[in-house]
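Summary of the model geometry
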Amino acid sequence: MSFRTTTDVAYVEDVSPGSGALAPRAWYASSDARSLSLNGSWRFRLSATADAEDDSFAAEGYDAGGWAEIAVPGHWVLQGDGAFGSPAYTNHLYPFPVDPPRVPTENPTGDHLRVFDLPADWPGPADGGAVLRFDGVDSCARVWLNGTDIGEFKGSRIPHEFAVGHLLRPTGNVLAVRVHQWSAGSYLEDQDQWWLPGIFRDVTLLHRPAGGVLDFFVHASYDHLTGAGTLRVDSDVDGRVVVPALDIDVETGCPVTVPVRPWTAETPALYDGELVTEGERVPLRIGFRTVELADGLIKVNGRPVLFKGVNRHEWHPERGRALDLETMRADVLLMKRHNVNAVRTSHYPPHPAFLDLCDEYGLWVVDECDLETHGFVEQDWRDNPVDDDRWTPALLDRAARMVERDKNHPSVVIWSLGNEAGTGRGLTAMAEWIHGRDTSRLVHYEGDIDCRDTDVYSRMYASHDEVERIGQGLDGGTHRRRALPFILCEYAHAMGNGPGGLADYQKIFEAHERLQGAFVWEWIDHGIEHPRLGLAYGGDFGEELHDGNFVCDGLVLPDRTPSPGLAEFKKVIEPVALTAGDDATLRVTNKQDFAGLCALAFTWAFQVDGETVGSGDLAVPALAAGESADVKLPQPPVLAPAGAETAWTVRAVLAEDTAWADRGHVVAWGQVPVTARALPAVTPTAAPVAGERVVTLGPATFDARTGELRGIGGVDVTGLRLDVWRAPTDNDDGAPWQSDVRYGVLWRELGLHRMRHRLDAVEVGDGALTVRSRVAPAAREVGLSTVYRWVSDGDRVQLTVSVTPEGDWTLPLPRLGIRFGLSAADRVSWFGGGPGEAYPDSRTASALGRWRSTVDALQTPYVRPQENGARADVRWAELGGLRVEGAPEFWFSARRWTTEQLDAAGHLTDLVPGETVWVNLDHGQHGLGSQSCGPGPLPRYFLDVAPAQFSFVFSAVDQSIDSLIDIPTR
Ligand code: GAL
């Protein structure tokens with residue numbers, strides 16, 4: 001056959017989903033049919049346009065020896081050290097003119113070539129055919145095998161299969177794939193993420209034996225009234241269904257009912273089985289569960305569920321969306337270990353192996369279709385493909401490829417039509433098709449505000465107040481919507497430091513049946529490893545149009561280090577609540593939807609001033625899901641010394657090793673305070689002594705002219721003064737489109753980042769040194785009259801700061817406290833909240849105890865540097881030879897750069913440690929909120945400007961803190 005070259009690329013701009021591919025079907029790995037992975041190193045050539053090169057490269061005998069090599073799966077822009085173009089990030093703006101279905105002439109096109117032999121024992125043509133499967137190619141591909149054009153397709157995150165048996169030969173098969181970055185399909189794939197072209201998921205050749213399985217649908221329901229499961233496997237090719245553990249051996253298509261253990265995310269009971277046809281055996285992992293909409297609620301196995309979910313994009317900081325199994329498993333393990341019970345696969349079907357993991361480890365899944373047309377919002381949704389019949393076949397193709405691929409996963413309980421695609425007939429057609437094809441699951445789409453096509457009322461970023469109203473059913477809406485359950489498919493925008501307000505949301509979800517939980521936006525920061533910048537975000541690759549670090553908004557950092565936000569989420573959604581009960585008891589509440597407490601063991605510890613002085617096991621009754629009981633705590637093991645602070649810490653830990661964590665893993669904990677500490681105070685017995693240049697007061701030395709502290713004991717201290725500025729967080733700055741007040745912006749406008757300190761008086765009195773000053777921003781009349789009053793008992797020195805606002809303050813403050821520099825400090829220990837960072841509306845995970853760390857480990861390396869690292873409720877802290885005790889407790893942070901340097905940094909690599917360690921002791925911090933996309937902090941977490949007084953007792957201490965218990969900060 002001679003090969004006729006062509007540069008016809010009309011298919012690229014064709015709204016159709018493609019041609020030549022086989023009908024969609026279930027994704028499975030056969031027990032006995034052969035398969036050949038075509039992953040690995042491929043030859044690669046990049047062109048600037050779709051038609052720069054003809055397709056002669058696909059012909060047999062083409063010499064690609066001069067081409068580069070590239071890894072498949074992979075994105076070419078993340079390979080070749082920049083030789084193959086760069087990633088680009090936009091949130092919702094199309095990075096090309098909106099002229100559907102046309103795409104730019106500049107259309108990076110990657111020709112991929114791979115020559116392969118069949119394994120020697122690959123069955124011959126008489127034994128069946130073969131299928132070539134692409135699990136994900138972004139965004140449009142044309143495929144040739146041995147010189148024959150076998151088709152082209154769009155739909156980046158859905159599988160496409162081609163029948164190729166007739167084209168194969170034992171050796172020297174030439175597989176050529178031309179991939180275009182932009183296509184008509186790109187209009188349907190405007191998700192908030194990096195634009196990353198390439199063959200980014202597996203390429204596999206599957207032998208299809210004669211009489212082999214084609215498509216099959218496992219229907220496995222559970223009757224919670226009888227405890228019986230009913231299994232029926234519908235198969236295109238007749239065969240038998242065998243489930244040894246259940247003694248099942250039936251024909252396909254025949255239902256069988258037997259007693260079973262049901263599948264839930266809490267108890268993911270799977271039964272191994274097999275579908276056996278004449279020519280093939282296919283493993284089945286069957287989970288029996290029934291999902292239904294009943295009494296206005298999403299019920300599984302007869303009980304309403306509460307989603308404690310995350311939105312998960314597929315991400316790896318080096319490989320983009322080309323994930324390996326271990327990375328997927330890492331996500332699932334991290335989620336399970338942090339009490340997450342649900343995942344929305346925002347905003348496309350994930351790699352199929354991820355769903356296997358969700359079945360196995362137990363996570364509820366909202367499987368979302370690869371569809372977003374958000375950029376059309378810029379033109380009031382005019383020409384939106386989802387409301388244009390010409391595009392409907394493409395939409396239906398996407399829906400079918402998702403549903404057919406994933407329909408056999410018990411973890412998938414809800415199908416989602418897509419994300420931010422406006423409204424239109426195409427979406428209705430998708431919903432109708434899905435409802436018709438699969439009656440065993442619900443349909444979700446957030447954009448369907450009236451729930452015309454959907455089974456769940458869903459919103460994103462609704463405020464606490466609004467969610468409360470929805471919970472009470474006071475939100476109005478259509479008749480249909482009022483009868484439906486509610487979920488927040490996105491909330492708690494985890495960009496940078498945050499989110500704040502998780503605990504307040506959870507309280508509301510738990511208070512109203514209709515509220516069935518929520519999904520944090522989002523799981524992981526999509527930072528890209530970068531040789532110069534460390535981690536790159538939008539704009540770092542010279543994109544003209546980009547949305548900066550809005551792509552770094554996850555609960556885990558790009559390398560999957562849990563952020564403090566994830567620690568907070570884990571605590572807020574813990575499956576068992578351990579709180580103070582009546583009469584010195586502990587109230588234990590099983591907050592799970594299904595499971596009892598038998599997987600957990602309980603321990604108690606008794607602490608005196610943060611040190612554990614006794615511990616043991618705690619007997620807790622077997623509470624069913626939803627039950628609670630007051631449990632008697634033991635006698636305190638010691639009599640607390642006067643003035644000591646004592647508390648119980650109770651933990652629920654895994655009683656045995658599980659698939660996702662070892663025995664002893666802490667699932668939930670609670671603290672019950674017993675006695676409160678006595679606040680530190682210094683009796684002013686020493687008098688300040690004024691010298692020519694310095695004033696001394698007990699162990700402290702001050703500049704005689706300015707009253708500025710110079711040192712305490714042998715420890716040099718610089719720059720101690722009132723501080724109100726913090727390097728605004730992404731949530732302080734808020735998103736530009738937010739209509740609410742954005743304090744990060746207003747703070748800067750007011751000038752809080754450049755406060756001036758006017759010295760009014762240095763008064764050396766009998767018992768005190770008093771320094772009076774006024775702290776105020778240039779160009780403004782508001783100010784803070786500030787008095788620093790120092791007293792000493794000879795050994796220790798106490799600073800009391802009194803702040804009186806002057807003028808008409810209309811904004812809260814970022815922080816209020818003091819800061820100072822120490823010339824040498826490394827190790828830190830403290831008694832207070834820890835081990836991790838906390839802020840006023842994100843402090844649930846902060847446990848009272850003795851903690852230690854290094855200054856470096858106190859920092860949270862948010863991809864874009866910003867305020868971080870504060871420790872809450874600190875009673876005392878020691879670092880650099882100084883001990884500070886607070887009256888009252890304070891927020892503690894220390895870093896090797898100033899707040900101003902932190903504020904100025906764009907990337908972590910901009911932060912260069914200096915000689916000085918800057919310490920902040922704050923009386924107050926403003927809340928975090930999640931205004932980088934959602935609501936700001938609730939008013940109760942505002943740091944309002946008001947008269948304030950707080951004090952610290954300083955003393956010099958031995959620098960060695962080795963005697964303290966060793967609990968790493970992270
Ligand atoms: C939502 C959207 C997400 C993401 C988020 C902000 O509107 O669905 O994809 O863009 O906002 O990070």
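Residues numbered from 1 in each chain as written. Predicted model: local features only at pLDDT ≥ 70, side-chain atom pairs only at ≥ 80, totals over all residues. Heavy atoms only, no water.

As annotated in an unreviewed UniProt entry, the protein chain is Beta-galactosidase from Streptomyces asoensis. Under Catalytic activity (unreviewed entry), UniProt gives the following word-for-word description of the protein chain: "Hydrolysis of terminal non-reducing beta-D-galactose residues in beta-D-galactosides." Regarding the protein chain, the UniProt comment filed under Sequence similarities (unreviewed entry) reads as follows: "Belongs to the glycosyl hydrolase 2 family." (UniProt positions renumbered as here; feature names shortened; annotations may be inferred.)

**Details of the domain arrangement of the protein chain**
Assigned domains within the protein chain: domain 1 (10-209), domain 2 (216-292), domain 3 (305-571), domain 4 (574-675) and domain 5 (702-760 + 804-945). Placing the centre of domain 3 and that of domain 5 at their C-alpha centroids yields a distance of 33 Å. Across the boundary between the two partners, domain 3 contributes 33 residues, which contact 32 residues of domain 5. At the boundary of domain 3 with domain 5, total buried surface from both sides reaches about 2,600 Å², with 59% on carbon and sulfur atoms. Taken as a group, Asn497, Pro564 and Glu568 account for 26% of the area that domain 3 buries against domain 5, more than any other trio of residues on that side. (Domains from an automatic or database assignment. Contact = heavy atoms within 4.5 Å. Buried area = accessible area lost by both parts, 1.4 Å probe.)

**What about the pattern of salt bridges?**
The tally for this structure, following the rule as stated, stands at 71 salt bridges. Salt-bridge contacts for Arg285 lead to Asp272; the nearest nitrogen and oxygen are separated by 3.2 Å. Placement of the pair is Arg285 in strand β22 (residues 281-286) and Asp272 in strand β21 (residues 271-277), with a sequence separation of 13 residues. Judged by relative accessible area, which is 47%, Asp272 ranks as partly exposed. Notably, a salt bridge pairs Arg819 with Glu900, separated by 3.1 Å at the nearest N-O pair. Of this pair, Arg819 sits in strand β52 (residues 815-822) while Glu900 sits in helix α11 (residues 899-904), and the two are 81 residues apart along the sequence. Linked through salt bridges whose partners overlap, the residues forming this network are Asp138, Arg157, Glu189, Arg321, Asp370 and Arg398. (Salt bridge = Lys/Arg side-chain N within 4 Å of Asp/Glu carboxyl O. Helix = DSSP H or I, 4+ residues; strand = E, 2+ residues; numbered from the N terminus. Buried < 20%, exposed > 50% of the residue type's maximum accessible area, 1.4 Å probe, protein only.)

**Some words on the UniProt feature "domain: Beta galactosidase small chain/" (unreviewed entry) in the protein chain**
Per the UniProt annotation, the sites labelled "domain: Beta galactosidase small chain/" (unreviewed entry) are residues 696-955. Along residues 696-955 the backbone is 7% helical and 47% strand, and the end-to-end C-alpha distance reaches 14 Å.

**Remarks on the environment of Arg871**
Residue position: Arg871 is located in strand β55 (residues 871-879). By relative accessible area, which is 1% here, Arg871 ends up buried. With 32 residues separating them along the chain, Arg871 and Tyr839 place their C-alpha atoms 7.8 Å apart. Polar contacts involving the side chain of Arg871 include one to the main-chain carbonyl oxygen of Gly836, which spans 3.5 Å. Of the polar contacts made by the side chain of Arg871, one reaches the backbone oxygen of Leu858; its length is 3.3 Å. (Polar contact = N/O pair within 3.5 Å; in protein donor to acceptor, adjacent residues only side chain to side chain.)

**Comments concerning the pairing of strand β18 (residues 239-243)**
Sheet analysis places β18 next to β21, joined by four bridges and oriented antiparallel. Among the inter-strand pairings, Gly239 is bridged to a residue of β21, identified as Thr277. Two elements, β18 and strand β19 (residues 248-251), share four bridges in a ladder whose sense is antiparallel. Directly across from Val241, in β19, lies its bridge partner Val250. (Pairing = 2+ DSSP bridges.)

**Some points on the environment of Gly707**
Turning to its location among the elements, Gly707 is positioned in the loop between β45 (700-703) and β46 (709-712). By relative accessible area, Gly707 is classed as buried at 7%. Each C-alpha atom of the pair Gly707 and Trp809 lies 28 Å from the other, and the pair is 102 residues apart in sequence. Beyond its immediate chain neighbours, meaning those up to four positions away, Gly707 contacts Phe702, Val762 and Val771.

**A short note on the side chain of Arg895**
Structurally, the position occupied by Arg895 is in strand β56 (residues 882-895). Within polar-contact distance, the side chain of Arg895 engages the backbone oxygen of Asn868 at 2.6 Å. If sequence neighbours within four positions are ignored, Arg895 has contacts with Val855, Gln859, Glu867, Asn868, Leu902, Thr916, Val917, Trp918 and Asn920.

**Section: the site of the ligand**
Surrounding the ligand, one finds 13 residues, the nearest of these being Asp192, His347, Glu420, Glu490 and His493. At 2.6 Å from an oxygen atom of the ligand is found a side-chain nitrogen or oxygen belonging to His347. Taken by itself the ligand offers 310 Å² of open surface, and the protein chains cover 96% of this. Its residues placed into classes, the shell around the ligand shows five nonpolar, four polar and four charged. (Near = heavy atom within 4 Å. Areas by Shrake-Rupley, 256 points an atom, 1.4 Å probe, with all protein chains shown as cover. Nonpolar A, V, L, I, M, F, W, Y, C, P; charged D, E, K, R; others polar.)

**Points about helix α7 (residues 502-511)**
When α7 is considered as a whole, its buried residues turn out to be Leu502, Asp504, Tyr505, Gln506, Ile508 and Phe509. The inward-facing, buried residues of α7 abut β26 (307-311), α5 (464-471), β32 (486-491), β33 (515-520) and α8 (564-572).

**Section: the nonpolar core**
Leu132, Leu175, Leu205, Tyr491, Val588 and Phe602 are the most contacted members of the largest nonpolar core, which has 153 residues in total. With six residues, helix α2 (residues 352-361) is the single largest residue contributor to this core. Contact partners of Leu175, with chain neighbours within four places excluded, come to Leu38, Trp42, His112, Leu113, Arg114, Phe116, Leu132, Val143, Trp144, Leu145 and Val203. (Core = buried A, V, L, I, M, F, W, Y, C linked by side-chain atoms within 4.5 Å.)

**A short note on the packing of aromatic side chains**
Evaluated as defined, the whole model comprises 41 aromatic pairs. Pairing Tyr187 with Phe376 gives two aromatic rings, centres 6.1 Å apart and planes at 45 degrees, and the pair type is tilted. One end of the pair, Tyr187, is in the loop between β12 (173-180) and β13 (193-195); the other, Phe376, is in the loop between β28 (364-368) and α3 (392-406), with 189 residues separating them in the sequence. No difference in accessibility class separates Tyr187 from Phe376, as the two residues are buried. (Phe/Tyr/Trp six-rings, centres within 6.5 Å; stacked < 30°, edge-to-face > 60°.)

**Topic: the state of the cysteines**
This model, assessed by the stated rule, comprises zero disulfides. Free of any disulfide, Cys358 has its nearest neighbouring cysteine sulfur in Cys369, separated by 17 Å. Considering cysteine sulfurs only, Cys489 is the nearest to Cys451, which forms no disulfide, with 11 Å between them. (Disulfide = S-S within 2.5 Å.)

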